[in-house]
Amino acid sequence: MASVSAPSQTAPSPAAALQRGIVKMVLSGCAIIVRGQPRGGPPPERQINLSNIRAGAMARRAAQAQPDTKDTPDEPWAFQAREFLRKKLIGKEVCFTVEIKTALGREYGMVYLGRDTTGENIAESLVNEGLATVRREGIRGNNPDQARLCELEDQSKASKKGMWSEGGGTHTIRDMKYTIENPRNFVDSLHQKPINAIIEHVRDGSVVRALLLPDHYLVTVMLSGVKCPTFKREADGTETPEPFAAEAKFFTESRLLQRDVQIILESCPNQIILGTILHPNGNITELLLKEGFARCVDWSMAVYTQGAEKLRAAERSAKERKVRIWKDYVAPTANLDQKDRQFVAKVREVLSCTGAWERLKVLLNSGRTVHLNNVHPPSVSTQEKNKDKDKRFRPLYDIPYMFEAREFLRKKLIGKKVNVTVDYIRAATGPGEGTPAFAERTCATVTIGGINIAEALVSKGLATVIRYRQDDDQRSSHYDELLAAEARAIKNGKGLHSKKEVPIHRVADISGETQKAKQFLPFLQRAGRSEAVVEYVFSGSRLKLYMPKETCLITFLLAGIECPRSSRNMPGGMQVAEPFSDEAMLFTKELVLQREVEVEVESMDKAGNFIGWLHIEGLNLSVALVENALSKVHFTAERSAYYKTLVSAEEACRLRKEKEP
């Protein structure tokens, strides 16, 4: 902006009353913008031009809409005069008198640092340093203030200060750079090191124009990780502020405008320079969030170098206090009691995902199902599923990396106590176009030993992170960690992101296949104790096992006992469950479901089901069921080595029952 001074034709103000304000901005060596105190919003402001002096005009960029115009460079000593005032006045209280007001409303007067005229006279200081000249054509001989300015100018000339020094001042003209040919290379060349800068303009709360020093690049910087309400430009050229846009802009202006700062330029996607502004009084990004003037944005959060968790914590604080943009905020778990938001539980089962819309989920011992929040299991397209119509599609084995994901969760969680933090509960939905119906889902963050299971799964490339709309608050409380884990997995080529050949699991299911079972029986009998994983529990004594060495699935019946039968679909209709069958099935589930066990196969029945003994950590499941009065000893146990143990367990159980009142 070109510097100005009082013109010859002026209208003197009726009374030069003393007024006060805070210096918001220094336009040049002889023009400042003064604001009032904020009361319920951004305060009023006015431009004050210093009377009787003139400082050099600052550099100005050519109008973009007028291609024929050229950039205007600094006049000699203009920047030094501006800097002299900026360092002295920005954010400080001054008092001033308006001596002249032109017909166009431009105001000229005297400015003093402090609350009264005993403070430093700003015009005199500029002239004394040789940074401004006195407008002698309007001087009146009987005015002591004007006479003082002339005297100071003569002294400055004699001392060869500032513009009166030898050389003409060409060395004080900046080489301004308004454009950067390759912004991304420019940002990368700085290697995220803090660079000194002056904030020259605040467009809105999260976008500023900064002068990078010492090379004088003038760049627009958007704060990484956040977005403030903006000013929407209408068709007629006017700007309509979004709610709290003006307040957010003033918040940033009052703290950063024309302050000395350091900026870390962090990234440059799509020609937009993202950065973090560091000021001795704090990080403006975190402050904007904490005061409810901004919200976190996922797309730029990943490049923020000062810790994304700090931004989330600041935003969470504003949400909890319901300040400004969050005044109507309702937390996703607002209707839950504290005991339902965070609790400790034991994991009974890792539930299989049967469709592309499903999430990884675990069943707790309480019977409650919890979905791992924000992560999606490995999946395949419908076309892949239907590729081989003669083959039954089994998600656990046929979807690449699904088995590895399930095994990771199984080994980490089954039978262990975990900490569950409910992030939100998604209400049940009906079927829509292309989407199935969903029951109510509890989406939570599950940790064990301080490890976020979802994050660990993603970091191994065994799941992907679900993206959400920016305004969707139903997300994991550790969303940024999940994104970072996925980025690492992609970079390191882990699991789903690997370029290696996809692992194939050829698992034969010989359940009910009598001929295959007969062929397989001698191998299992000779093997003695074989390792197995309990995949499913049909009843207290009927299970489905996965045999890892043999890579097959078998149906296994516990030997030596007679267990209550569960309800079953039979050719003649539904078979009614026998008493205590549910209790027996629950007992078996809690003890062995999805756990590694050892089995001894003795024989098989006519339907191709194997019969034998199952051991878990030294415990015989048949004996355990008898001990807990959930099974009786069957006569076929007489030929077994475990017969005496079974009879003793049954007798001990009977004696306990007799003693009970």
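Residues numbered from 1 in each chain as written. Predicted model: local features only at pLDDT ≥ 70, side-chain atom pairs only at ≥ 80, totals over all residues. Heavy atoms only, no water.

**Q** Can you walk me through the overall build of the chain in this structure?
**A** Looking only at helices and strands, the chain has 18 helices and 36 strands in total. At 39 Å, the chain has a C-alpha radius of gyration far larger than the 26 Å of a compact globule built from 661 residues. Considered along the principal axes of its C-alpha atoms, the chain spans approximately 130 × 60 × 45 Å. The buried share of the chain, taken over its 661 residues, is 47%. Residue pairs at least 24 apart in sequence account for 63% of intrachain contacts in the chain once pairs closer than 6 positions are excluded. Total accessible area computed for the chain in this model is approximately 34200 Å², and 50% of it derives from carbon and sulfur atoms. Taking the average location of the 96 positive side-chain charges in the chain and that of its 83 negative ones, the two points are 1 Å from each other. (Helix = DSSP H or I, 4+ residues; strand = E, 2+ residues; numbered from the N terminus. Rg over C-alpha atoms; globule rule 2.2 N^0.38 Å. Buried < 20%, exposed > 50% of the residue type's maximum accessible area, 1.4 Å probe, protein only. Contact = heavy atoms within 4.5 Å. Areas by Shrake-Rupley, 256 points an atom, 1.4 Å probe, with all protein chains shown as cover. Lys, Arg positive; Asp, Glu negative; His and termini not counted. Charge placed at Lys NZ, Arg CZ, Asp CG, Glu CD.)

**Q** Where do I start with the confidence of the model for the chain in this structure?
**A** Should the pLDDT be low somewhere, the predicted coordinates at that spot are not to be read in detail. Averaged over every residue, the pLDDT of the chain is 88; the share at 70 or more is 92%. Here residues 1–13 is modelled with pLDDT under 50, and outside its nearest four sequence neighbours on either side it reaches 36 contacts, counting other chains as well. (pLDDT = per-residue confidence, 0-100.)

**Q** What am I meant to see in unusual backbone geometry here?
**A** Across residues other than glycine, the phi torsion is negative in most instances, and most of the peptide bonds are trans. With omega at 5 degrees, the peptide bond leading from leucine 213 into proline 214 counts as cis. Tracing the backbone through its elements, the reader meets proline 214 in the loop between β9 (207–212) and β10 (217–223). Here the phi dihedral of phenylalanine 244 falls at roughly 70 degrees; this positive angle occurs in a residue that is not glycine. Classification of phenylalanine 244 as partly exposed rests on a relative accessible area of 23%. The backbone phi angle of asparagine 270 is positive, close to 55 degrees, even though this residue is not glycine. Considering the arrangement of structural elements, one finds asparagine 270 in the loop between β14 (260–267) and β15 (273–279).

**Q** Hey, could you run me through the state of the cysteines in this one?
**A** Covalently bonding the sulfur atom of one cysteine to the sulfur atom of another cysteine gives a disulfide. On inspection of all chains with the given rule, the structure shows zero disulfides. Considering cysteine sulfurs only, cysteine 150 is the nearest to cysteine 30, which forms no disulfide, with 16 Å between them. A relative accessible area of 0% means that cysteine 30 is categorised as buried. As a non-bridged cysteine, cysteine 653 has cysteine 563 as the owner of its nearest cysteine sulfur, 13 Å distant. Look at cysteine 653 and you get buried, because its relative accessible area is 8%. (Disulfide = S-S within 2.5 Å.)

**Q** Would you take a moment to explain the environment of isoleucine 425 for this structure?
**A** Along the chain, isoleucine 425 falls in strand β22 (residues 417–426). For isoleucine 425 and phenylalanine 244, which are 181 residues apart along the polypeptide, the C-alpha to C-alpha distance reads 30 Å. Excluding residues within four positions of it along the chain, isoleucine 425 makes contact with Leu336, Arg368, Glu440, Arg441, Thr442 and Gln474.

**Q** Hey, could you run me through empty space enclosed by the protein in this one?
**A** By rolling a water-sized probe across the atoms, one finds the places where empty space is left. Overall, the coordinates contain four cavities of 30 Å³ or more when judged by the stated rule. Roughly 60 Å³ of volume is contained in the largest cavity. As for the largest cavity, its lining consists of Ile22, Val23, Lys24, Arg35, Gly91, Phe250, Glu253, Ser254 and Arg259. Residue assignment for the lining of the largest cavity shows that the elements contributing at least two residues are β1 (18–28) and α5 (245–256). (1 Å grid on protein atoms, 1.4 Å probe; cavity = no way out; pocket = protein on both sides within 12 Å on 5 of 7 lines; lining within 4 Å. Points joined across faces, edges and corners; volume = space filled by probe spheres on them.)

**Q** I'm lost on the layout of surface pockets in this one. Help?
**A** Considered as a void within the structure, the largest pocket measures approximately 1100 Å³ in volume. For the largest pocket, the lining is made up of 41 residues, of which Ser541, Leu558, Ile561, Glu562 and Cys563 are closest to its centre. Listing elements by their share of the lining of the largest pocket, those giving two or more residues are β29 (552–558), β30 (561–562), β33 (596–604), β34 (610–616) and α18 (643–659).

**Q** Looking at this model, I keep getting lost on the environment of glycine 130. Mind explaining?
**A** Here glycine 130 is to be found in the loop between α2 (122–128) and β7 (133–134). Residues in contact with glycine 130, not counting those within four places in the same chain, are Ser156, Lys161, Gly162, Met163 and Trp164.

**Q** It is not clear to me how helix α3 (residues 144–159) should be interpreted in this structure. Could you clarify?
**A** Since the α-helix turns once every 3.6 residues, residues separated by three or four places project in the same direction. Between its first and last C-alpha, α3 extends 23 Å over 16 residues, near the 22 Å set by a 1.5 Å rise per residue. Among the residues of α3, Gln146, Leu149, Cys150, Leu152, Glu153 and Ser156 are the ones counted as buried. Here the buried residues of α3 occupy an arc of 165 degrees about the axis, which is enough to place them on one side. The outward face of α3, more than 90 degrees from its buried face, is lined by the exposed residues Pro144 and Ala158. Those residues of α3 that are buried lie in contact with β4 (53–54), α2 and β7. Downstream of α3 by one or two residues, lysine 160 has phi in the positive range, about 55 degrees. (Expected span 1.5 Å × (residues − 1). Arc of directions from axis to C-beta.)

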